[in-house]
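The residues making up each chain are set out below.
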Amino acid sequence: MTEAILLVGGKGTRLRPLTVHTPKPMVPAAGVPFLTHQLARAKAAGVEHIVLATSYLAEVFEPYFGDGSALGLHIEYVTETEPLGTGGAIRNVASRLHSRPDDPVLVFNGDILTGLDIRALVRTHADTGADVSLHLTRVDDPRAYGLVPTDATGRVTAFLEKPQTPEEIVTDQINAGAYVFRRSVIDTIPAGRPVSVERETFPDLLSGGAHLQGMVDSTYWLDLGTPQAFVRGSADLVLGRAPSPAVPGRCGDRLVLPSATVAPDAKLTGGTVVGENARIGEGARISGSTILSGAVIEPGTVITDSLIGAGARIGARSALSGAVIGDGADIGADNELRDGVRVWCEAKLPAGAVRFSSDQ
């Protein structure tokens, strides 16, 4: 297995305002665009050629990654003029693949942070002679996901989309967003129209008698679809809980990029990341948070489990918890922002405008 397709065309609607100016895979996690971690893990598993299926803000990918040679890869880009869904995107890039009909092709989603043993998934695919092999993981509450029950040999028996009643929840195994396709199977996906691999391709293959194999790998797995999950994923990369060869530094409580400035008495913990040219003022306390490039955190600020956009400013003595601040936003001094609040790009909040406690 030397080829892969990486699906990076989504709009990242649930992540806004982080994705107003930046496609989701390019939002920095642990100091580099999240996509860098996926590319590096694919490279480590033996992948040499990757086709990026792009759509939303497609123009930002190639200027950053180029031909992939800096990562030891050959990267190509295919842009959808209209969104084609997961299956349609896979079919749309098929002409760029060099694999033979029976060769395995790795396919993975651009918003999943995982410790999946990619080589083990490929071995499972080869050993079982499957047409498609799926990475499955187990979750405590599967209602938000597609369930994938399997028999005693791991062969997939059904696809059940987002069950709600107890009777519908027949397994805790879910589709974890990484697959190995037999190359010839990709050509059976309808071309030129939207296709969902989860709702159409896989069920149709199953009903047609194809062999779909599941491999349960319950190492680290996180869907980065929400701001809270993205912040957590970045922190876990820094802390070493999520594996990646692309973290630009040693794992630990904090990751400060070389051009950033941090006051000597500022305290950074919990996997906090401080991006390029960001400035952290005196007495600031930041835990489990991501501070993107050029952001300014003024003295005495307390930030927990939050993401501060590029070029944003957080005024002195402000307190943020579970907050997402868009690029270029200006938060005045003495504000308190909590519990999933999202401040849009370039917004301006006067000093002391939002509080959860007395101003005394």
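Please refer to the structure higher up on the page.
1. With respect to the sheet that holds strand S18 (residues 279-280)
One open sheet accounts for six strands, arranged S15-S18-S21-S24-S27-S30; its pairing is parallel. The strands lining the two open edges of the sheet, one partner per strand, are strand S15 (261-262) and strand S30 (348-349).

2. Structural notes on the nonpolar core
The biggest cluster of nonpolar side chains holds 29 residues, and the ones touching the most others in it are Ile5, Ile90, Val132, Leu134, Phe181, Phe202 and Leu212. Taken together, the elements giving at least two residues each to this core come down to strand S1 (3-7), strand S4 (49-54), helix H3 (85-92), strand S6 (104-109), strand S8 (132-138), strand S11 (173-182), helix H5 (183-186) and helix H6 (197-207). Residues contacting Leu134, with those up to four places away along its chain left out, are Leu121, Val156, Phe159, Asn175, Ala178, Tyr179, Phe202, Leu212, Gln213, Gly214 and Met215. Counting 26 residues, the second-largest nonpolar core is a separate cluster that includes Leu52, Leu106, Ala178 and Val180.

3. Looking at the sheet that holds strand S23 (residues 307-308)
Strands sit in the order S14-S17-S20-S23-S26-S29 across an open sheet of six strands; the sheet is parallel. The open sheet has two edge strands with one neighbour each: strand S14 (254-256) and strand S29 (342-343). Pairing of strand S17 (residues 272-274) with strand S20 (residues 290-291), which is carried by two bridges, proceeds in the parallel orientation. Considered in S20, the bridge of Val274 is made with Ile291. Set on the sheet, helix H7 (residues 227-239) makes contact with S14, S17, S20, S23, strand S26 (324-325) and S29; between it and S17 the angle comes to about 90°.

4. Thoughts on the packing of H3 against H6
With their axes 7 Å apart at the nearest point, H3 and H6 run at an angle of 70° to one another. Considered as vectors, H3 and H6 are oriented roughly perpendicular to each other. Residues Thr86, Gly87 and Ile90 of H3 form the contact with H6, whose participating residues are Val197, Glu198 and Thr201. Among the residues making up the contact of H3 with H6, the classes are represented as two nonpolar, three polar and one charged.

5. A word on H7
Relative to the 18 Å expected for 13 residues at 1.5 Å per residue, H7 spans 18 Å between its end C-alpha atoms, a close match to the ideal helical length. H7 sits mainly inside the fold: ten of its 13 residues count as buried. Note on H7: the residue one or two positions beyond its end, Gly240, has a positive phi of about 85°.

6. Some remarks on the environment of Ile280
Mapped onto the fold, Ile280 is located in strand S18. Separated by 20 residues in the primary sequence, Ile280 and Gly300 place their C-alpha atoms 9.7 Å from one another. Residues contacting Ile280, with those up to four places away along its chain left out, are Thr261, Val262, Ala263, Ala266, Leu268, Val274, Ile286, Ile291 and Ile297.

7. Brief notes about the pattern of salt bridges
Using the criterion set out here, one finds 16 salt bridges in the structure. Among the ionic pairs, Glu200 bridges to Arg193, the shortest N-O distance being 2.6 Å. Note that Asp330 is salt-bridged to Arg313, the shortest N-O span being 2.6 Å. Of this pair, Asp330 sits in strand S27 (residues 330-331) while Arg313 is found in strand S24 (residues 313-314), placing the two residues 17 residues apart along the sequence. Since its relative accessible area comes to 26%, Arg313 is described here as partly exposed.

8. A look at the packing of aromatic side chains
Counting across every chain of the model gives six aromatic pairs. Between the aromatic rings of Tyr64 and Phe65, the centroid separation amounts to 4.8 Å while the plane-to-plane angle is 70°, which identifies the pairing as edge-to-face. Overall, Tyr64 belongs to the partly exposed group, its relative accessible area being 48%. Residue classification places Phe65 among the buried residues on the basis of a relative accessible area of 9%. Centroid distance Tyr179 to Phe181: 6.3 Å. Interplanar angle 90°. Geometry classified as edge-to-face. Like Tyr179, the residue Phe181 is buried in the burial classification. By the ring-pair criterion, three or more aromatic residues cluster together here, those being Phe159, Tyr179, Phe181 and Phe202. The lysine or arginine in question, Arg338, covers the ring of Phe356, its NZ or CZ lying 4.2 Å from the ring centre.

About the cut-offs
Residues numbered from 1 in each chain as written. Predicted model: local features only at pLDDT ≥ 70, side-chain atom pairs only at ≥ 80, totals over all residues. Heavy atoms only, no water. Pairing = 2+ DSSP bridges. Helix = DSSP H or I, 4+ residues; strand = E, 2+ residues; numbered from the N terminus. Core = buried A, V, L, I, M, F, W, Y, C linked by side-chain atoms within 4.5 Å. Buried < 20%, exposed > 50% of the residue type's maximum accessible area, 1.4 Å probe, protein only. Contact = heavy atoms within 4.5 Å. Axes fitted to C-alpha atoms, helices over the stretch in contact; angles between N-to-C directions. Parallel < 35°, antiparallel > 145°, perpendicular 65-115°, else oblique. Nonpolar A, V, L, I, M, F, W, Y, C, P; charged D, E, K, R; others polar. Expected span 1.5 Å × (residues − 1). Salt bridge = Lys/Arg side-chain N within 4 Å of Asp/Glu carboxyl O. Phe/Tyr/Trp six-rings, centres within 6.5 Å; stacked < 30°, edge-to-face > 60°. Lys NZ or Arg CZ within 6 Å of the ring centre and 35° of its normal.

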